[in-house]
Amino acid sequence: MSEEKNELLQQEIRLLSYLEEDQIDLFRDEFMELHPYDQSVFFDKVDTDTRKRIFHYLSPEEVAEIFEANNFDDEEYQELLEEMEPSYAADMLSHMYADNAVDVLNELDKDQVVSYLSMMDAESAQEIKDLLHYEEYTAGSIMTTEYVAIPESSTVRSAMNILRKEAPGAETIYYLFVVNDDHFLTGVISLRDLIIADEDTLIRDIMNERVVSVPVSEDQEEVARMMKDYDFLALPVIDHRGYLLGIITVDDIIDVLDEEASDDYSKLAAVSDMDTFDRNPLQAAKKRLPWLLILLFLGMITANIIGVFEETLDQVALLAVFIPLIAGMAGNSGTQALAVAVRGIATGDIEEQSKMKLLIREAGTGLITGIISGVVVVFLVYFWKGDILIGLLVGAAISSSILVATIAGSFIPLLIHRMKIDPAVASGPFITTINDIISILIYLGLATTFISGL
């Protein structure tokens, strides 16, 4: 155990002892010295009764920092809020940045949301209401309205005064967004440029007029891609007229990237909500069972195909030995092609003009890997079973199956993306099962055609 981890463990032990002995001052002194993330980790480890005691020791504003420092699971948000007094929870939410409070409230029932909003101060409640009506997973749903806007007609001196006044409540001040009299976005200026400029200079003379912004309805994945491409710390959000509505900060984008990556990985594994740790086996089973049942029925198609070729297998029983090998190789190559295609779509590397290029490349890759794998299998089967004809049959089946599976693995997610559906739903298990069906049809079809020579 590292020295830092050991120190944190010792702190946790001391904090627990302070709580047990009801030493409020000692607990507060040491707990408030921790980084907010470390506070949230400690908060997440303790049981319900201990947390309720902590609520009596900390103010709603201090608990708000804990909520913002750690992304709890959906169910944990509900549990934590239920552990607080309703008025305490409402006060805590009002002290969070509006976009973060919205993230929490989006996990609650509408009745709960209305209840908490009714107990908040009018200004905080209105800010949160303004964000709640935006569609989830769009720029509007992840933006914050706590930013610094500078009138373009102001001087650097007056802009600095605005900054001093607004900075304590702003989520970030590294970029200052410039607006006209109607609050339309007209430019941006960095904090550095503002500091070094002459105090009597007009903001419109030193601002950058080439502002990269996103519409409020833009998908959050596209926003994340733009933030990554431009290396921005914040991105302004505008409506169709150019009116500045809010900004999206890099910490929110990190959450989006984590959420999207987790979601895509879950779909690739044919499960849902993998980022949620289900302590109840029944809940975990309920999430996984529908996918397993779908795959079970697809598997029955494979079994039925084998049954159709029962006569062929009866004549040459050795053919059955190689079915798992051929199906496995096809499934593996299809999953590799799927991963390349889904990643390319997710990162935006695959444009309309490069989709055909991807398919041609994957077909070439499938052809090369298929031929090499087929040749290797011919020799392996020959040295193992001493039957060159069986070896040639298995080699030809593997070569054909890998080629078809590789093309299918790249084509299916592109087709699904074209249909405006998340390509990650073309998950590994689905591709594997489909390729099982294709590879077995190829293998046993070839065997039936050349049965007389075996």
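Residues numbered from 1 in each chain as written. Predicted model: local features only at pLDDT ≥ 70, side-chain atom pairs only at ≥ 80, totals over all residues. Heavy atoms only, no water.

An unreviewed UniProt entry lists the protein chain under the name Magnesium transporter MgtE, from Chryseomicrobium excrementi. The UniProt entry for the protein chain carries this comment under Subunit (unreviewed entry): "Homodimer." Under Sequence similarities (unreviewed entry), UniProt gives the following word-for-word description of the protein chain: "Belongs to the SLC41A transporter family." (UniProt positions renumbered as here; feature names shortened; annotations may be inferred.)

(A) Inspection of the environment of Leu 325 at higher detail. Topologically, Leu 325 is positioned in helix H19 (residues 323-347). The partly exposed category is assigned to Leu 325, whose relative accessible area is 36%. Measuring from C-alpha to C-alpha, the distance between Leu 325 and Ile 398 comes to 8.5 Å, with 73 residues separating the pair along the chain. (Helix = DSSP H or I, 4+ residues; strand = E, 2+ residues; numbered from the N terminus. Buried < 20%, exposed > 50% of the residue type's maximum accessible area, 1.4 Å probe, protein only.)

(B) Structural context of the pairing of strand E5 (residues 234-238). Here E5 lies mainly inside the structure; five of its five residues are buried. Because side chains alternate across E5, one face comprises the buried residues Ala 234, Pro 236 and Ile 238, and the other comprises Leu 235 and Val 237, equally buried. Judged from the two bridges that link them, strand E4 (residues 214-215) and E5 form a sheet pairing that is parallel. Residue pairing for E5: Pro 215 is matched across the bridge by Ile 238. Across five bridges, E5 lies against strand E6 (residues 244-249) in antiparallel orientation. By the bridge assignment for E6, Ile 238 is matched with Leu 244. Counted between consecutive antiparallel strands, the loop separating E5 from E6 contains five residues, among which Gly 242 sits at a positive phi close to 100°. (Pairing = 2+ DSSP bridges.)

(C) Structural view of the nonpolar core. Core analysis: the largest hydrophobic core is formed by 55 residues, its most contacted members being Phe 27, Phe 67, Leu 81, Met 84, Met 92, Tyr 116 and Ile 248. Residues from two domains meet in this core; each of domain 1 (1-132) and domain 2 (149-269) gives at least three. Beyond its immediate stretch of four places on either side in the chain, Met 92 contacts Pro 60, Val 63, Ala 64, Phe 67, Leu 81 and Met 84. (Core = buried A, V, L, I, M, F, W, Y, C linked by side-chain atoms within 4.5 Å. Domains from an automatic or database assignment. Contact = heavy atoms within 4.5 Å.)

(D) The packing of aromatic side chains, seen in detail. Tallied over the full model, the rule gives 10 aromatic pairs. Here the aromatic rings of Phe 27 and Phe 31 are separated by 5.1 Å at their centres, their planes lie at 15°, and the arrangement is stacked. Separated by four residues within a single helix, Phe 27 and Phe 31 lie in helix H2 (residues 24-31), roughly one turn from each other. Assessed through its relative accessible area of 0%, Phe 27 is described here as buried. The exposure class assigned to Phe 31 is buried, which follows from its relative accessible area of 0%. (Phe/Tyr/Trp six-rings, centres within 6.5 Å; stacked < 30°, edge-to-face > 60°.)

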